[in-house]
Every structure is written in structure tokens, then in C-alpha cells.
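Examining the three-dimensional arrangement
Below are the chains, spelled out letter by letter.
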Amino acid sequence: MDLQLTDKIALVTGAGSGIGQHMAQGFAAAGAKVVVNDINAEGVAGTVEAIKAAGSEALAAPVDITDLAAVEGMIGSAEAAFGRVDILVNNAATLSEHTLYLETDPTACEREISVILFGTMHCSRAVLPGMIERGYGKILNIATDAARVGQEREVNYSAAKGGVISFTKSIAKEVGRHNVNVNVVSPGATNSPMRIGLQEAMKEKLGEERWLAREEKVKRLYPLRRIGEMEDVTNAVLFLTSDAARQITGQILSVNGGFAMVG
Ligand SMILES: NC(=O)c1ccc[n+]([C@@H]2O[C@H](COP(=O)([O-])OP(=O)(O)OC[C@H]3O[C@@H](n4cnc5c(N)ncnc54)[C@H](O)[C@@H]3O)[C@@H](O)[C@H]2O)c1
């Protein structure tokens, strides 16, 4: 299937590492020009360099998405450089340590909600007027199955992502008439450097044998008996932001090996 992403302009938040970086490179490989956002300027530079080295165009946008004025400036720069933004992927997130809710730091809680929920809402607020004016746009929000079915020790993160899911459905109803599709990809556990780092720390804490037993137990929660890879998420995102998915809006697609099957 040709997703026809050639010359589309895609902005990916949190694209300085992990799944966001993988998606940014995926858009570039599919022919899109990419605006690379992350709060981590070094990560942004690395992604932009990799995209350019592969022969595609990319613009660095090292901006904190919790700052609405900075986000509006970022969209202005993207439109000045490339003329418009066709596709927005709200991927940036932060997850504070795995702790019971009552033991979490309220400041960390506010930061999680600010990055995940307000970041998504600010980027959407800034990009939508142009999409509506042009009568064309795709917004794709990254959630997590922790928000779909609940997850202990990830309460703040899940609450913020649950907000993203609700925001997606409501805004999809408002902007559908302008030919703007808004959807969610909801990954289960995915082997990004972030998850691999957490696993390494756990291995150190538990010892190799107990960690392996735990990892086997985790895999048994997945009917497909595998942990996701970054390309599993990228493939779903490229499809849902292409015109091949023009009749899909307000939907939540889990990419989770069957971990949760939500009706
Ligand atoms: N890896 C998994 O198992 C998994 C599972 C479910 C959902 N997800 C979701 O997938 C997405 C990517 O996760 P990942 O594993 O690649 O994690 P990651 O930590 O590597 O990526 C998140 C990126 O967001 C950036 N970011 C944080 N705050 C920001 C801000 N204020 N402004 C701009 N950028 C900011 C970070 O610098 C980082 O580069 C996230 O939305 C995450 O919630 C991941």
C-alpha cells in the first residue's frame, strides 16, 4: 500500500529519542518533511542529522511543549520553513518512577499531566487553525494501554493519558467537518531505549534469574507472547496519518500484542 506521504509535512513531539525518533525517521523514509520536536536539544540534533544523512528534510524544534507561547512559535517556524503542517504526532511524555500514587511527589504528578495532557492540547491548539483553513489535517496522539485498562504504580501517567484519549474523541467530533482526522495509537510495552533502560535497572535490582522469570511472566500477559518493537508503533502511526485511513477518526488503536482487548 502506498501511504502517499511524499511531501507531507509531519511534526513529531518527543522525537529526540525512542519511539518518537523512530517515527520521525519513518515519516522521512516515507517521503515526508519532518519537524523534530523535543525538550532535549541534543536529541533533536541527533534525529535531524540522521534524517538529513538519509537524504530527507528536517527542521529542529527544541521546544518545551508545556509552554503554549513556545509551541505557537514552533508551529510558526514550521509553517515559515515548510509552508504548513499536515500531520501532528503528539508523542512526548514523561513517566516518573514506578511508585504507589500516595507516595508520588505532587510536583512530578503535575509535570506528567502538564507534558502529556497540556502538551498534546497546546500543540493541537496551535496547529489546528492552519489545518482547518486548509481543510486538511491529521492529528495522532500516543496514549498507553495503562490508560485503557488501569495500571498500578503508573497512576499519574495513566490519568494524563486517559485525558489524551478523551481529548481525542471530543476534538475529533469538533474538527471532522474540516477534514481533520484525530486518532490515538495506544502501545503496550514496547522496547524503546526508555523501556530497555528500566529493564536493565530492574535486572540489576532483582538479579538475572529473577528478572528472566519476571520477563517470562510479563510475556505471558501478551497473547502474541512478545514485547512490541518501535516499528510496530511507527507502522500504525504512518497508516493512521495517511489518506489510506481517511474514514477513521476518534478511534483508539492498541498496538499491544493482544494485552488488552477493549470493546
Ligand atoms: N516504551 C513503552 O513501553 C511505551 C508503552 C506505552 C506507551 N508509550 C508511549 O510512547 C511514547 C514514546 O515513549 P518512549 O518509550 O520512546 O519514551 P522516551 O522517554 O524515550 O520519549 C519521550 C520523549 O519526550 C520528550 N519530552 C519529555 N518532556 C517533553 C517536553 N516538555 N517537551 C518536549 N519533549 C518532551 C523526552 O525528552 C523524550 O525524548 C510516549 O508517549 C510513551 O508514553 C511507551
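These numbers were taken from a predicted model, which means no experiment stands behind them.

1. A closer look at the overall build of the protein
Summing up its helical and strand segments, the protein has nine helices and seven strands in all. Expressed as lengths along the three principal axes of its C-alpha atoms, the size of the protein is roughly 55 × 40 × 40 Å. In the protein, which comprises 263 residues, the share counted as buried stands at 44%. Long-range pairs, those at least 24 residues apart, make up 72% of the contacts in the protein between residues at least 6 apart in sequence.

2. Quick notes on the domain arrangement of the protein
Looking at the assigned domains, one finds that the protein contains domain 1 (9-189 + 229-255) and domain 2 (191-227). Of note, the centres of domain 1 and domain 2, computed from C-alpha atoms alone, are 26 Å apart. Contacts between the two partners involve seven residues from domain 1, matched on the other side by eight residues from domain 2. Taken together, the residues of the side of domain 1 that touches domain 2 break down into three nonpolar, three polar and one charged.

3. What to know about the environment of R177
The topology assignment puts R177 in the loop between α6 (155-175) and β6 (180-187). Judged by C-beta crowding, with 9 C-beta atoms within 10 Å, R177 ranks as exposed. Note: C-alpha distance between R177 and G26 (151 residues apart in sequence) is 29 Å.

4. Thoughts on the pairing of strand β5 (residues 137-142)
A large share of β5 lies buried, amounting to six of its six residues. Residues of β5 alternate between two faces, with G137, I139 and N141 on one and K138, L140 and I142 on the opposite face, all of them buried. Relative to β5, strand β4 (residues 87-90) runs parallel, the two sharing four bridges. Within β5, the position partnered with I87 by the bridge is K138.

5. Some details on the site of the ligand
Around the ligand sit 30 residues in total, of which G14, G18, A92, A93 and S192 are the nearest. Listing elements by their share of the shell around the ligand, those giving two or more residues are α1 (18-29), α4 (106-134) and α7 (193-206). Class assignment for the residues of the shell around the ligand results in 11 nonpolar, 16 polar and three charged. The residue makeup of the shell around the ligand includes at least three contributed by each of domain 1 (9-189 + 229-255) and domain 2 (191-227).

6. Regarding helix α3 (residues 68-82)
Compared with the 21 Å implied by 1.5 Å per residue over 15 residues, the 21 Å span of α3 between its first and last C-alpha is a close match. Taken residue by residue, α3 has V71, M74, I75, A78 and F82 as its buried positions. For α3, the arc enclosing every buried residue in end-on projection is 95°, short of the 170-degree limit, so these residues lie on one face. Opposite the buried face of α3, at more than 90 degrees from it, the exposed residues are A69, G76 and A80. Among the structural elements, β1 (9-12), β2 (33-37), β3 (58-61) and α4 are those in contact with the buried residues of α3. G83 lies just past α3 and shows a positive phi near 95°.

7. Some remarks on the pairing of β1
On β1, burial covers both faces: I9 and L11 on one face and A10 and V12 on the other are all buried. Across four bridges, the pairing between β1 and β2 is parallel. Its bridge partner being in β2, A10 is matched across the sheet by V34. Taken together, β1, α1 and β2 constitute a β-α-β crossover, and its handedness is right-handed. As defined by bridge partners, β1 adjoins β4 across three bridges and the pair is classed as parallel. Considered in β4, the bridge of A10 is made with I87.

8. Things to note about the environment of K52
The topology assignment puts K52 in helix α2 (residues 41-53). Classification of K52 as exposed rests on a count of 12 C-beta atoms within 10 Å. Taking the C-alpha atoms as reference points, K52 and Q25, separated by 27 residues in sequence, lie 9.8 Å from one another.

9. Thoughts on the packing of α7 against helix α8 (residues 208-220)
One way to put it is that α7 packs onto α8 with a least axis distance of 6 Å and a crossing angle of 130°. Between α7 and α8, the angle is such that the two are oblique. Here α7 and α8 pass one another in a crossing that is right-handed. Contact residues: M202, K203 and L206 in α7; E208, R210, W211 and R214 in α8. Classifying every residue of the contact of α7 with α8 by side-chain character gives three nonpolar, no polar and four charged.

What counts and how
- Residues numbered from 1 in each chain as written.
- Predicted model: local features only at pLDDT ≥ 70, side-chain atom pairs only at ≥ 80, totals over all residues.
- Helix = DSSP H or I, 4+ residues; strand = E, 2+ residues; numbered from the N terminus.
- Buried ≥ 20, exposed ≤ 12 C-beta atoms within 10 Å, placed from the backbone.
- Contact = placed C-beta atoms within 7 Å.
- Domains from an automatic or database assignment.
- Nonpolar A, V, L, I, M, F, W, Y, C, P; charged D, E, K, R; others polar.
- Pairing = 2+ DSSP bridges.
- Near = placed C-beta within 6 Å.
- Expected span 1.5 Å × (residues − 1).
- Arc of directions from axis to C-beta.
- Right-handed = clockwise from strand over helix to strand, strands pointing away.
- Axes fitted to C-alpha atoms, helices over the stretch in contact; angles between N-to-C directions.
- Parallel < 35°, antiparallel > 145°, perpendicular 65-115°, else oblique.
- Left-handed = near helix turned anticlockwise from the far one by under 90°.

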